[in-house]
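Chain by chain, the residues:
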Amino acid sequence: MALMKVKFDLKKRVKLAQMLWLMYWFSIMAGVLVFSMGLFFKIELRKRSELMDNNESHFVPNILIGVGLLACFLNASGGKICYDSLDSTKFVKWKTVLKPFLICCLFFNFLLIVTAVMCFAMRIPLEFTLAEGLKNGMKYYKDTDTPGRCYMKRTLDLMQMEFRCCGNNNYKDWFEIQWVSNRYLDFSSKEVKDRISSNVDGKYLMDGVPFSCCNPSSPRPCIQQQITNNSAHYSYDHYTEDLNIWKRGCRDALVSYYGGMMNTIGILVLMVTLLQIAVMIGLQYVNTSLSTLVNPEDPESESEGWILEKTVKETFTDIMAKMKAMGKGSQVDEGANEEAVATVS
Amino acid sequence: MVVGKMKLTFQKRVKLAQGLWMLSWFATLGGAVTFALGCFLKTELRRRGEVMDNTDIHCVPNTLMIVGLASMGINYFASRICQDALDPGRFPRWKTFLKPFYGCSVFFTTLMLISVILSYIMKGSLETSLKIGLKNGIRFYKDTDTPGRCFQKQTIDRLQMEFQCCGNSNYRDWFEVQWISNRYLDFSSKEVKDRIKSNVDGRYLIDSVPFSCCNPSSPRPCIQYRITNNTAHYNYEHQTDELNLFIHGCREALVNYYMGLMNAIGAVVLSVFLLQCSVLASVRLLQTSMEAVAGQENVEVDSEGYLLEKGVKETFMEYVDPVLKLLWLNEVTPAEAKAEAGTS
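It should be emphasised that the depicted structure is a prediction, and the values quoted were computed from it without experimental measurement. Each residue is numbered by its place in its chain's sequence as written, counting from 1. Whichever chain is written first is A, and whichever ligand is written first is 1; the rest continue in order. Since the coordinates come from a predicted model, pLDDT governs what is reported: local features require at least 70, and pairs of side-chain atoms require 80 or more to be given and counted, while whole-chain, interface and lining totals use all residues. Hydrogens and waters are ignored; side-chain quantities use all the structure's heavy atoms.

**Quick notes on the packing of aromatic side chains**
- Between 30 and 60 degrees the pair is tilted, below 30 it is stacked and above 60 it is edge-to-face, where a pair is any two Phe, Tyr or Trp rings, Trp via its six-membered ring, whose centres lie within 6.5 Å. Scanning all chains against the criterion turns up 23 aromatic pairs over all chains.
- Plain terms: the ring middles of Y171(A) and F175(A) are 5.9 Å apart, the flat faces sit at 70 degrees to each other, and that makes the pair edge-to-face.
- Judged by relative accessible area, Y171(A) falls into the buried class, the value being 9%.
- Here F175(A) falls in the buried class, since its relative accessible area comes to 16%.
- Residues Y171(B) and F175(B) carry aromatic rings whose centres are separated by 5.8 Å and whose planes lie at 70 degrees to one another, so their mutual orientation is edge-to-face.
- In this structure F175(B) comes out as buried when scored by relative accessible area, which is 16%.
- Taken together, Y76(B), F77(B), W94(B), F97(B), F101(B) and Y102(B) form an aromatic cluster joined through their ring pairs.
- Two limits define a charge over a ring: the Lys NZ or Arg CZ must be within 6 Å of the ring centre, and within 35 degrees of the ring normal. Directly above the aromatic system of Y204(A) lies the positively charged group of R195(A), at a separation of 5.9 Å from the ring centroid.
- Lying over the aromatic face of F140(B), R149(B) brings its terminal NZ or CZ to 3.8 Å of the ring centre. Think of it in three bands: with a 1.4 Å probe and only protein chains considered, a residue is buried below 20% of the maximum accessible area for its type, exposed above 50%, and partly exposed in between.

In structure tokens form, the structure reads like this:
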């Protein structure tokens, strides 16, 4: 008893082939979309690789690019098959290839689902990479004279302004590191000597933040030095002042930015998967309907199409039996390796 | 004296009609692109409308939008005309339509050319408008509690950060304005009282700039207060330090940005203009060559097509006369014209 049997006459077959050809064109565009999204994601990761300690994994965007290209190729072939299916002479050359092609499509759809799941799951390793990278970035903020780190200040400043965030978890992270280089500190001054002697590592720590933490929406000019000292500024209470500097941490801001991007890409890949499954089923119908013509000589005869020749359970047991037979076949050929075969089956 | 006379065989006429149909659709697309570019330019100008004093510059995108729409209409009719041109039964119905069609087309095509030149003419006006607008923006920077001006600070800060500029002509514009509101000044402090007394208007002027002037590319943390005082900061000389603040003025940055945008748009519009001209010339050629075989038994003969029946000046007067008649400015005879010339 076949799965989802449908009766076909010539008109229905032609309609199916035409519709399927159109759907294949949409699928090619969907493949291009997936490819371009993978590329976009890769570029976005590259742009901020300094903040991720140059350690970020490009696995997901690479997979997206590969899957997009593969989708284009498979869908182009599928479209060609559909186009040729209307002409029985042209279709003959495709007959032998069709079954392996459909199995390829099935595996490809599994790959698409796995890719979508990975898109959603990548958020977690990204969060860890960003936490580490931002911490180091802030540490190297002052090293504008060290080769390899001289652009860290600029990168961090631009990022804080663009994402409207300050520090790793919040602005207090800046209080714990020395972000003013020793080149610009007057070591003969009393204030500097006091601050340096006041902590174990001899770092110049202050309760100030870089200018890039300033919020333009604040009604008063930005207070970036002596933030926690209410008496240093007229009419200022740092507990109630919300708009002075950005309250959000940059790790939060970046994770939500990338997370949003990955969620969108994941959802789109799932939709492309649905489209791919639909065209695969359509192609199976075309295949079966053209191979079961009542009268093989007459192209206008009726035929039947189905998704699976037997029921799902029977097909599954058939496949298992085939795999066992293949395993036993190798046992007959290599009679000596009985133990190895025992572990295999 | 006929302008642009050309002999056309039947095959050539057919090819001309087909090519023209394709070309007119491309030209319609070009018209749509022109309209879209006009909309885009208008949106960009409106985004920064708060730092512009007047909207004179908006005549450029307005013209582009009008020309874009007109171009789409002209090319649509051109495609319809060339579709009917090869059918001698359907072609005569366009006869009365053609003269106003050509008049309008030439007018709007010239307008397209003018719109490209307009952007260069309006540069001076844009610069003046920005000068006044930015001056006001900087003056009202501190008025974050005055309704109608409370967003000036945010606008100017965002502008300076995005365009990487400081002040109107340069950062010194901030030294001449009180940009810190009185609400945040401690009037009991000696320093504040000294500064206010030191100038005629009683303003609190400092040699400092807002944080949005800070250049992220600077190797050292931003020095925005006491900029001209070398001793206030360790290892600092303000005459040689170029990376600390943005050196360009915002007026210059904005004018460059808009002129760049209008140059790019001008290049695209110029190519659409050339496309449109070729479409109009082809329609005219097709029309005149079809009229030459109109009413004949065998339509497959050779015919002559031309662009203008008379010279350029005579054709121009032929079109302009009805318009002038409408406006009662017509000169009937040369004698009367001489008398008029004498009185005026």
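Read on, since the account is not over.
**Here's the deal with the UniProt feature "transmembrane region" (unreviewed entry) in chain B**
Residues and elements named next belong to chain B.
- UniProt positions are given in the numbering used here, feature names are shortened, and annotations may be inferred rather than shown by experiment. Those places that UniProt annotates as "transmembrane region" (unreviewed entry) correspond, in this numbering, to residues 20-41, 62-79, 99-121 and 255-275.
- The span residues 62-79 shows a helical share of 100% and a strand share of 0%, and its end C-alpha atoms are spaced 26 Å apart.
- Helix and strand labels come from DSSP, where a helix needs a run of H or I of at least four residues and a strand needs a run of E of at least two; each type is numbered from the N terminus. The span residues 99-121 carries 100% helix and 0% strand; its end-to-end C-alpha distance comes to 32 Å.

**Side note on the UniProt feature "transmembrane region" (unreviewed entry) in chain A**
- Taking the numbering used here, the UniProt-annotated feature "transmembrane region" (unreviewed entry) corresponds to residues 21-43, 63-81, 101-124 and 265-286 of chain A.
- A distance of 33 Å separates the end C-alpha atoms of residues 21-43 of chain A, which is 100% helix and 0% strand.

**Thoughts on the interface of chain B and chain A**
- At the junction of the two partners, chain B supplies 26 residues and chain A supplies 27 residues.
- The term buried area refers to how much accessible surface (probe radius 1.4 Å) is lost by two components on association, counted for both of them together. For the chain B and chain A pair, buried surface summed over both sides reaches about 2,400 Å², with 64% attributable to carbon and sulfur atoms.
- The largest per-residue losses of area from chain B upon contact with chain A belong to Y184(B), F211(B) and P216(B), which jointly make up 26% of the total buried on that side.
- Under the rule applied, a polar contact is a pair of N or O atoms within 3.5 Å (in protein, one hydrogen donor and one hydrogen acceptor; residues adjacent in sequence only if both atoms are side-chain atoms). At the junction of chain B with chain A, the criterion picks out seven residue pairs in polar contact (both at pLDDT 80 or more).
- Three classes are used: nonpolar for Ala, Val, Leu, Ile, Met, Phe, Trp, Tyr, Cys and Pro, charged for Asp, Glu, Lys and Arg, and polar for all others, with Gly counted as polar. By residue class, the composition of the side of chain B that touches chain A is 13 nonpolar, seven polar and six charged. Note on definitions: a residue-residue contact is assigned when non-hydrogen atoms from the two residues lie within 4.5 Å.

**Considerations on the environment of S169(B)**
All names here are of chain B.
- Within the fold, S169 resides in the loop between α5 (152-163) and α6 (190-197).
- Along the primary structure S169 and A253 are separated by 84 residues, whereas in three dimensions their C-alpha atoms are 9.6 Å apart.
- For S169, the residues in contact, after removing those within four places along its chain, are H248, G249 and R251.

**A word on a nonpolar patch on the surface**
All names here are of chain B.
- Where nonpolar side chains cluster on the molecular surface, the patch consists of W21, M22, W25, F26, L29, Y76 and F77 and spans about 700 Å² of accessible area.
- The element best represented in the nonpolar patch is helix α1 (residues 10-47), accounting for five residues.
- As for its placement among the helices and strands, L29 is situated in helix α1. The patches described consist of residues with a relative accessible area above 30% and no salt bridge, like charges being joined within 9 Å and nonpolar side chains (Val, Leu, Ile, Met, Phe, Trp, Tyr) within 5 Å. What sets the accessible areas is the Shrake-Rupley method with a 1.4 Å probe; for residues, cover comes only from the shown protein chains. Take a side-chain nitrogen of Lys or Arg and a carboxyl oxygen of Asp or Glu: if they are within 4 Å of each other, that pair is a salt bridge.

**Considering the state of the cysteines**
- Cysteine sulfur atoms are paired as a disulfide whenever they come within 2.5 Å of each other. Evaluated as defined, the whole model comprises six disulfides over all chains.
- Disulfide pairing is shown between C214(A) and C222(A); the S-S distance is 1.8 Å. Handedness of the C214(A)-C222(A) disulfide follows from its S-S torsion of about -85 degrees: it is left-handed. An identical accessibility class is assigned to C214(A) and C222(A); each is buried.
- Shown here is the disulfide that connects C166(B) with C213(B), its sulfur atoms set 1.9 Å apart. One quick way to see it: the torsion about the S-S bond of C166(B) and C213(B) is about 85 degrees, and its sign makes the bridge right-handed. In this pair, C166(B) is assigned in the loop between α5 and α6 and C213(B) in the loop between α6 and α7 (250-292), connecting sequence segments 47 residues apart.
- For C166(B), a relative accessible area of 0% gives the class buried.
- What connects to what in chain B, once the bonded cysteines are numbered by sequence position, is 1-6, 2-3, 4-5.
- Regarding the disulfides, chain A carries the connectivity 1-6, 2-3, 4-5 under sequence-order numbering of its bonded cysteines.
- We note that C72(A) lacks a disulfide partner, and the nearest cysteine sulfur, in C105(A), lies 13 Å from it.
- Here C105(A) stays unpaired: no disulfide links it, and the sulfur of C104(A), its closest cysteine neighbor, is 7.0 Å away.

**Focus on the packing of helix α5 (residues 123-139) of chain A against helix α8 (residues 250-291) of chain A**
All names here are of chain A.
- Axes here mean lines fitted to C-alpha atoms, for a helix over just the part in contact, with angles spanning 0 to 180 degrees between N-to-C directions. Two elements in contact, α5 and α8, have axes separated by 10 Å at closest approach and are oriented at 150 degrees. Classed by the angle they form, the pair α5 and α8 counts as roughly antiparallel. Crossing hand, α5 versus α8: right-handed. Note on element contacts: α8 touches α5 through C250, R251, L254, V255, S256, Y258, G259, M262 and N263, opposite R123, L126, E127, L130, A131 and L134.
- Classifying every residue of the contact of α5 with α8 by side-chain character gives nine nonpolar, three polar and three charged. To sort the angles, those under 35 degrees are grouped as roughly parallel, those over 145 as roughly antiparallel, those from 65 to 115 as roughly perpendicular, and the leftovers as oblique. Crossing handedness follows the turn of the near helix against the far one: under a right angle anticlockwise gives a left-handed crossing, and clockwise gives a right-handed one.

**Notes on unusual backbone geometry**
- For R164(A), which is not glycine, the phi torsion reads 55 degrees and is therefore positive.
- Unusually for a residue other than glycine, N235(B) sits at a positive phi of about 60 degrees.
- With respect to the secondary-structure elements, N235(B) resides in the loop between α6 and α7.

**As for α5(A)**
Residues and elements named next belong to chain A.
- Expected span of a helix, by definition, is 1.5 Å for each gap between consecutive residues, and there is one gap fewer than residues. The first and last C-alpha atoms of α5 sit 24 Å apart over 17 residues, in line with the 24 Å expected at 1.5 Å per residue.
- Looking only at α5, the buried set comprises L126, T129, L130, A131, G133, L134, N136, G137 and M138.
- Structurally, α5 contributes buried residues whose contacts are with α1 (10-47), α6 (152-163) and α8.

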